[in-house]
Amino acid sequence: ALFALLLVPFVSVTAQTTIQLENGNILSFSQGSVDMGSASGELRDVTLLQDGEIVLRADYVLIDATGTVASTDWFINELVAENAEMPTEQVFVGRVELRDIAAGMFAGEAPLANVEDVLTPNTLIRLDNIGFDNPEALVSIDSITTLPFDFDRMTNGELVMTSSGFEVTGVTVMAQENT
């Protein structure tokens, strides 16, 4: 039997891991691992289904986070996604990069967060190679990047944002031929 196995040519086999999430969504990936508490992990060939419909596909996702997903203490140190597609929204992003975001402040039961509770001076949001498709036009954007977020205290002690913004490069809009 062992001799017969040696005669069979090597066959590459990949297995898909599928996880039913607490919210009912289904996460599927071909390689990698994920900590279900913090969502930290590195995954390849990722698909996320919501109500049986694909809401996200990505070639690669890396998340480095602390705290617990959907809790106010969830903090994303770094999130990178490559070739991310949201088919229901007809949006494609070649690369997503998020750094230093208190994402848990958006948790379902959390009170509306102040911006200084979510963002830090080191927060970065960057989207590269963005494409939108809709019936009227095709839209392409080379890059959208946040500018540094700066905060200062007013005389009454209240923390306020003193500067922020976005840099957008390479916007192209092409009308669809049927419009």
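These numbers were taken from a predicted model, which means no experiment stands behind them.

Novice: Sorry, what's going on with the overall build of the chain here?
Specialist: Looking only at helices and strands, one finds two helices and twelve strands in the chain. Helices and strands in the chain line up, N terminus first, as α-β-β-β-β-β-β-β-α-β-β-β-β-β. Every one of the 179 residues in the chain was classed for burial, and the buried ones make up 30%. Once local pairs closer than 6 in sequence are excluded, the contacts in the chain between residues at least 24 apart make up 39%.

Novice: Please clarify how the side chain of Ser28 should be interpreted in this entry.
Specialist: Tracing the chain through its elements places Ser28 in strand E2 (residues 26-29). A polar atom in the side chain of Ser28 sits 2.9 Å from the side chain of Gln16. Non-local contacts of Ser28, meaning those with residues more than four positions away in its chain, are made with Gln16, Thr17, Thr18, Asp45, Val46 and Thr47.

Novice: Got a minute to help me understand the pairing of strand E10 (residues 150-153) in this structure?
Specialist: Moving residue by residue along a regular strand, the side chains alternate between the two faces of the sheet. Note: E10 against strand E11 (residues 159-163), four bridges, orientation antiparallel. Of the residues in E11, the one forming a bridge with Phe151 is Met161. In sequence, E10 turns back onto E11 through a hairpin of five residues, with Gly157 there showing a positive phi of about 95°.

Novice: I tried to follow the pairing of strand E6 (residues 75-86) on my own but got confused; where do I start?
Specialist: In terms of strand pairing, strand E5 (residues 53-66) meets E6 through eight bridges, oriented antiparallel. From the neighbouring strand, Tyr60 faces E6, where its bridge partner is Glu82. From the end of E6 to the start of strand E7 (residues 91-101), which pair antiparallel, there are four residues, and Gln90 there has a positive phi angle of about 55°.

Novice: What am I meant to see in the nonpolar core here?
Specialist: For soluble globular proteins, nonpolar side chains are generally found buried alongside one another. Grouped together as the largest cluster of nonpolar side chains are 30 residues, with contacts concentrated most on Phe29, Val46, Val61, Trp74, Leu79 and Val96. Every element with two or more residues in this core is listed here: E2, strand E4 (41-50), E5, E6, E7, strand E8 (119-133) and strand E9 (137-146). Of the residues forming this core, the biggest block, five residues, is contributed by E7. Residues within four places of Trp74 in sequence aside, it is in contact with Ser38, Ala39, Ala65, Thr66, Gly67, Thr68, Val69, Ile101, Ala102, Ala103 and Gly104.

Novice: Before we go on, may I ask you to explain the pattern of salt bridges in this structure?
Specialist: Two side chains with opposite charge may pair up if their charged atoms get near one another. For the coordinates displayed, the defined rule picks out six salt bridges. Between Arg95 and Glu82 there is a salt bridge, and its shortest N-O distance comes to 2.9 Å. Of the two residues, Arg95 is situated in strand E7 and Glu82 in strand E6; the sequence distance between them amounts to 13 residues. One salt-bridge network, in which partners are shared between bridges, spans Glu78, Glu82, Arg95, Glu97 and Arg99.

Novice: Explain the side chain of Thr47 to me, please; I cannot follow it from the model alone.
Specialist: Summarising the element assignment, Thr47 is placed in strand E4. Apart from residues lying up to four places away in sequence, Thr47 is in contact with Ile26, Leu27, Ser28, Ile54, Leu56 and Arg57.

Novice: I'm lost on the environment of Pro148 in this one. Help?
Specialist: Within the secondary structure, Pro148 is located in the loop between E9 and E10. Once the C-alpha coordinates of Pro148 and Thr120 are considered, the two residues, 28 residues apart in sequence, prove to be 8.9 Å apart. Setting aside its immediate chain neighbours within four residues, Pro148 contacts Ser163 and Ser164.

Novice: Would you explain unusual backbone geometry in this entry?
Specialist: Backbone geometry follows two general trends: most residues other than glycine have a negative phi, and most peptide bonds adopt the trans configuration. Despite not being glycine, Ala39 has its phi angle at roughly 70°, a positive value. Here Ala39 shows up in the loop between strand E3 (31-34) and E4. Accessibility expressed as a relative area gives 18% for Ala39, which makes it buried. The phi dihedral of Asp100 falls on the positive side, at around 55°, and the residue is not glycine. When its relative accessible area of 19% is taken as the criterion, Asp100 is described as buried.

Novice: Looking at this model, I keep getting lost on a nonpolar patch on the surface. Mind explaining?
Specialist: Taken together, Phe166, Val168, Val171 and Val173 make up a surface patch of nonpolar side chains, about 400 Å² in accessible area. Its place among the elements puts Phe166 in strand E12 (residues 166-175). Relative accessible area serves as the criterion here: at 56%, Phe166 is assigned to the exposed category.

Cut-offs used in this document
Residues numbered from 1 in each chain as written. Predicted model: local features only at pLDDT ≥ 70, side-chain atom pairs only at ≥ 80, totals over all residues. Heavy atoms only, no water. Helix = DSSP H or I, 4+ residues; strand = E, 2+ residues; numbered from the N terminus. Buried < 20%, exposed > 50% of the residue type's maximum accessible area, 1.4 Å probe, protein only. Contact = heavy atoms within 4.5 Å. Polar contact = N/O pair within 3.5 Å; in protein donor to acceptor, adjacent residues only side chain to side chain. Pairing = 2+ DSSP bridges. Core = buried A, V, L, I, M, F, W, Y, C linked by side-chain atoms within 4.5 Å. Salt bridge = Lys/Arg side-chain N within 4 Å of Asp/Glu carboxyl O. Patch = residues over 30% accessible without salt bridge, like charges linked within 9 Å, V, L, I, M, F, W, Y side chains within 5 Å. Areas by Shrake-Rupley, 256 points an atom, 1.4 Å probe, with all protein chains shown as cover.

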